[in-house]
Structure formats: structure tokens, C-alpha cells
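Letter by letter, the chains look like this.
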Amino acid sequence: MIEIFVFGYLLIVLEHNTHINKAATALIMGAGLWALYAIGAQEILELGFSESWKLWLADGNNSSEESITHFLVHHELTEHLSEIASIVFFLMGAMTIVEVIDEYQGFRVITNRITVTNKPKLLAIMSFLTFFLSAALDNLTTTIVIVAVLNKLIKDDETRWYFASMVVVAANAGGAWSPIGDVTTIMLWIGGQITALKIIEEIFLPSLVAMLIPLGILCLKLKGEIDPPQLEEDEHKAFIPLRDRLIVLIMGIVALLAVPVIKSYTHLPPFIGMLLGLGAMWFLTDFKLHSKTLEDKRRLNVGRILTKIDMPTVLFLMGILLAVGALSSAGHLNVMAGFMQEHFTDIYFQNTIIGVLSAVVDNVPIVAAFMGMYPIAEPGATGEMANFVVDGKFWEMLAYASGTGGSILIIGSASGVAAMGMERISFLWYLRKIGWIAAIGYLGGISLFYLEMMVM
């Protein structure tokens, strides 16, 4: 299973050399790992590395072939599939809302008012906007929205890639210090390891540094003025009244901002709020906002806009998450976590490695593994256990590292995958141009966190 994962990962990295779409590789890798897991399930589970299998046996189930099949198909695969579906539906809903705003030329309301053409200044504006917006929404939604805006501002592909890459770094940094900004911080918040106000207080400055250092380097690198793209022919032809543009833009923003609110009140997964917002926009645009001509009605119909969603990106993310889910269920990630716990006892070094690993493997199962390995210590605990109380150093640093470490690679986070799909950013281009910059920012944030803890 590890060999298949590594080989598939290499094919994804070398997509531009092999000309094999990364989505095809990811789907083969994800589905193939589950098939291998099913074929060798008995031998794999007998090794005793799978924590979920231990819990299954502890619930009174036996280790017969029928029980193993039920565990694998109806328990593990179903559980991972529900998590994957939540992310995929969320991504599809967010991408559709953005496409609807774009088709109604809603982003032109914003871009027409952005008069800054200097590259460093514009990069700073978009980075700070992303950093704070991702804390209110989440890093994935924010990346989709801001990258869509950049597409209307910048014509040159490579310049837009630099901007989109900086958006990924800023979105991941902004999501790390907010309890609702990233999936992993949500997990730690709901699990009781951190509290909302404390995580903001302790992680805000390290996250800001993780964004400011790459921003500073890129501002020195990017010089001159941006070249804005020309309006497409259909945007000239199909005149959409400013009132309708504003209505759709406001509806889209409200739909996106409502997602964390709905989650807070209902405790339902975020994709429910996203789909609710998409449904409301679809209903209102069909009911009220269509132009009178038949041609424009067809062009602005949400059903047609759905065909413009970048499905290869969605399928790529699904394949990656399926692959990581198989490794998590079989126990590979628990082995890795146990190895780290045994050989790297320093919590700062341990979390630094976790952040780097989250750029290669999805941060959600890694964080889940460490949440399961380390119980929350009792209030007033002393010594090493003081790091594991509620709002302890380990949990706070875990939130930072798992959230920002994914920026080191373009496929290390959902926001990176979204930007990669929307802008066709090459894995190797990001690794050469952005990866080392993101790594410096990541280590800078960790250094600041360490200094803060030493002073306190």
C-alpha cells in the first residue's frame, strides 16, 4: 500500500512530464489502496496497528472473515466516505456559487473598483484580505473566491500563479488561528483541546508571521505593473444591469458567510450550509433575475453553470482523500505517529515534523491520530503533562503546524488543490518558486511561537 501511494504521488508530481492527468492517478491510487486493503485485510489487521480495528474488537465484535468484511465495507469505508463527501460537496457548492457570481459579472463590481496596478501593493492587499477572510469563512472557500477575483485582475499566467500561490499561503495561515478557519482547528475546538479565544490569542502572531515572510519575499521578487485582462466577447454582448450584478454578488457573499453561522447553531457539517446557500441562489436567480432574452436565460441558468465546474479538481481531491483514508484505516498513520512519539519527544520538534508531513499527507487524519494518542490532561497538571491540558502548548502548536504546514506543497491542503485546479498551477513550479518561501514562513511562525512560550 505504501509503495502504491509513493508511486502514485510521484506520478502526480510529474504530471507535466508524463501528461497523465493527476485526477486519473489520484483515483487509481485512492480506489486501488482500498482494493489492496480489502484483499489483504485479515493479514493487515492482524498486525495490530489499526486503532479503529482495536475499537471494533473492543465493542464485542469478533475477527471472523465476515466481521472483517463488515468492518471494512460498512464501517471504515462508509465513515471515510462521509468525511470525503462532506469536503467534496462543500467544494462543489463553493465553486458553483463563485461561478454563478462570475457569470452574472458580480466580480466586476469589485475588480472595477480596484485601481491598484502595482504588483507588490496589490499582492499585499489580496494577501491581507485573504488572511482575515479565511478566519471568518475558511481557507478553502476564501481561496476559491479570491482566485476567481484574481482571474479578472491579472492577464499574465505566471504572475497570476504567484498571486494565487500567495493566496494559498495566506488562506492556510489565516485559517490556523481561527477556531472555524480550518478543519483541523475545528476538530481540536470541538474535541475540547483548545478554546476559541485562547487559540486566537496564542496563534494569531505566529500565523501572521507565516504569511508576512512569504509576502515580503514575493514583494521583493515581483516588480512592475499588472496587465489586466480584456473583457471576453460574451461579457461585452450580454449586458447585465448593475443592480442584478450587485444582488447576485451580495447573495453569494451572504451564502458563504452564512456557512460558519449555520454550522455553529446546528452543528451540522459545513457542506449543509453551503448547499443551502447554493439552493437559495439558484431559486432566486431562476425566479427573479434572468434577462428577458432566451439566449441570456440559457446562459445564466445555474444548471448550465454547473457544467463549468472543474470536476477534475474535485475528483483529484476525492482520490487523494480516499488514499489517505485507506492508509489511516489500515494503521499506517498510527505507526507513523507512534514512531514520532517514541523518537521525537520534544513537542516543538514533534509538531514541526507534523506540519511538514501535513504537506504530503492530509492533515486531518494526522491530527486525529495525535488527538487519539494524547489524552487531555487534567487542569493543574505539571511537568510534560502541562503541555496537554486544555489550551496546552502541544494542542496550540498542533493547530498552527497542521494548518500552515500544508502550504509547503501545492497539494498539501484543500485550498492548494483548489487553486491548482482553477489556475492549472504545476506541482513542480510551485515547489521551485513557492515551496521554499512557504517553508521559511512556516518555520518563522514556529520560531515566534517558541519564543513566546519561553518568555511566558
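It should be noted that the structure appears before, not after, this text.
As the structure is a prediction and not an experimental result, all values here were calculated from the model.

1. Concerning the overall build of the chain
When helices and strands are counted, the chain shows 24 helices and zero strands. The C-alpha atoms of the chain give 23 Å as radius of gyration, which agrees with the globular expectation for 456 residues (23 Å, within 12%). Principal-axis analysis of the C-alpha atoms gives the chain an extent of 65 × 55 × 50 Å. Long-range pairs, those at least 24 residues apart, make up 78% of the contacts in the chain between residues at least 6 apart in sequence. With an accessible surface of roughly 20100 Å², the chain has 67% of that area assigned to carbon and sulfur atoms.

2. Here we look at the nonpolar core
In this structure, Tyr37, Phe370, Trp395 and Ile411 are the most contacted members of the largest nonpolar core, which totals 142 residues. The leading source of residues in this core is helix 6 (residues 65-103), at 13 residues. Once residues lying within four places of it in the same chain are set aside, the contact partners of Phe370 are Ala337, Met340, Gln350, Ile354, Phe394, Trp395 and Leu398.

3. Notes on empty space enclosed by the protein
The gaps of empty space that remain are located by a probe, the size of a water molecule, rolled over the atoms. Here the structure, examined in full by the defined rule, presents one cavity of 30 Å³ or more. The computed volume of the largest cavity comes to approximately 50 Å³. Of all the elements in the fold, those that place two or more residues in the lining of the largest cavity are helix 10 (157-176), helix 12 (196-221) and helix 24 (427-455). A total of three residues in the lining of the largest cavity trace back to one element, the largest contributor, which is helix 10. Each residue belonging to the lining of the largest cavity can be placed in one class, and the counts come to six nonpolar, three polar and no charged.

4. Brief notes about the side chain of Thr96
Relative to the helices and strands, Thr96 is located in helix 6. Using a relative accessible area of 1% as the deciding quantity, one classes Thr96 as buried.

5. Quick word on the pattern of salt bridges
Evaluated as defined, the whole model comprises nine salt bridges. Residues Glu51 and Lys54 are paired through a salt bridge, measuring 3.4 Å at the closest nitrogen-oxygen approach. One end of the pair, Glu51, and the other, Lys54, are both in helix 5 (residues 51-58), three residues apart, so they sit about a helical turn from each other. A single network of salt bridges, built from pairs that share partners, joins Glu103, Arg304 and Lys308.

6. Examining helix 14 (residues 242-266)
In this model helix 14 runs 35 Å from its N-terminal to its C-terminal C-alpha over 25 residues, within 8% of the 36 Å that 1.5 Å per residue would give. The largest bend along helix 14 measures about 30° and falls at Ala258, with the proline Pro260 one to four residues further on.

7. Notes on the environment of Ser329
Residue position: Ser329 is located in helix 18 (residues 311-330). Given a relative accessible area of 1%, Ser329 falls into the buried group. Sequence spacing of Ser329 and Arg424 is 95 residues, and the spatial spacing of their C-alpha atoms is 32 Å. Contacts of Ser329, omitting those with residues within four sequence positions, involve Trp34, Tyr37, Ser50, Ser52, Glu76 and His80.

8. Remarks on unusual backbone geometry
One non-glycine residue, His19, lies in positive phi territory at about 60°. Position of His19 among the secondary structure elements: in the loop between helix 2 (15-18) and helix 3 (22-39). Residue classification places His19 among the exposed positions, given a relative accessible area of 70%.

9. Thoughts on helix 23 (residues 414-423)
Across the 10 residues of helix 23, eight count as buried, placing the element largely inside the fold. Listed as buried for helix 23 are Ser415, Gly416, Val417, Ala418, Ala419, Met420, Gly421 and Glu423. Those residues of helix 23 hidden inside the fold are in contact with helix 3, helix 6, helix 9 (139-153), helix 10, helix 18 and helix 24. Positive phi shows up at Arg424, right after helix 23, with a value of about 55°.

10. Quick look at the side chain of Arg245
Tracing the chain through its elements places Arg245 in helix 14. Of note is the side chain of Arg245, whose polar atom sits 2.5 Å from the side chain of Gln105.

11. Quick look at the packing of helix 1 (residues 2-13) against helix 3
When two helices pack together, you describe them by how their axes are tilted relative to each other and by the distance separating the axes. Where helix 1 contacts helix 3, the axes come no closer than 9 Å and their chain directions differ by 175°. One finds that helix 1 runs roughly antiparallel with respect to helix 3. On helix 3, the residues that touch Ile4, Phe5, Gly8, Tyr9, Leu11 and Ile12 of helix 1 are Lys22, Thr25, Ala26, Met29, Leu33 and Leu36. Here the residues of the contact of helix 1 with helix 3 are counted per class, giving nine nonpolar, two polar and one charged.

12. Considering the packing of aromatic side chains
This model, assessed by the stated rule, comprises 20 aromatic pairs. Ring geometry for Trp53 against Phe71: centres 5.0 Å apart, planes inclined by 65°, an arrangement best described as edge-to-face. Taken as a pair, Trp53 in helix 5 and Phe71 in helix 6 lie far apart in primary sequence, 18 residues in all. We note that Trp53, like Phe71, is buried. Pairwise contacts between aromatic rings join Phe131, Phe132, Trp177 and Phe204 into one cluster. Over the ring of Phe316 we find Lys22; its NZ or CZ atom is 5.6 Å from the centre of that ring.

What counts and how
Residues numbered from 1 in each chain as written. Predicted model: local features only at pLDDT ≥ 70, side-chain atom pairs only at ≥ 80, totals over all residues. Heavy atoms only, no water. Helix = DSSP H or I, 4+ residues; strand = E, 2+ residues; numbered from the N terminus. Rg over C-alpha atoms; globule rule 2.2 N^0.38 Å. Contact = heavy atoms within 4.5 Å. Areas by Shrake-Rupley, 256 points an atom, 1.4 Å probe, with all protein chains shown as cover. Core = buried A, V, L, I, M, F, W, Y, C linked by side-chain atoms within 4.5 Å. Buried < 20%, exposed > 50% of the residue type's maximum accessible area, 1.4 Å probe, protein only. 1 Å grid on protein atoms, 1.4 Å probe; cavity = no way out; pocket = protein on both sides within 12 Å on 5 of 7 lines; lining within 4 Å. Points joined across faces, edges and corners; volume = space filled by probe spheres on them. Nonpolar A, V, L, I, M, F, W, Y, C, P; charged D, E, K, R; others polar. Salt bridge = Lys/Arg side-chain N within 4 Å of Asp/Glu carboxyl O. Expected span 1.5 Å × (residues − 1). Bend = angle between axes of the 7 residues up to and from the residue. Polar contact = N/O pair within 3.5 Å; in protein donor to acceptor, adjacent residues only side chain to side chain. Axes fitted to C-alpha atoms, helices over the stretch in contact; angles between N-to-C directions. Parallel < 35°, antiparallel > 145°, perpendicular 65-115°, else oblique. Phe/Tyr/Trp six-rings, centres within 6.5 Å; stacked < 30°, edge-to-face > 60°. Lys NZ or Arg CZ within 6 Å of the ring centre and 35° of its normal.

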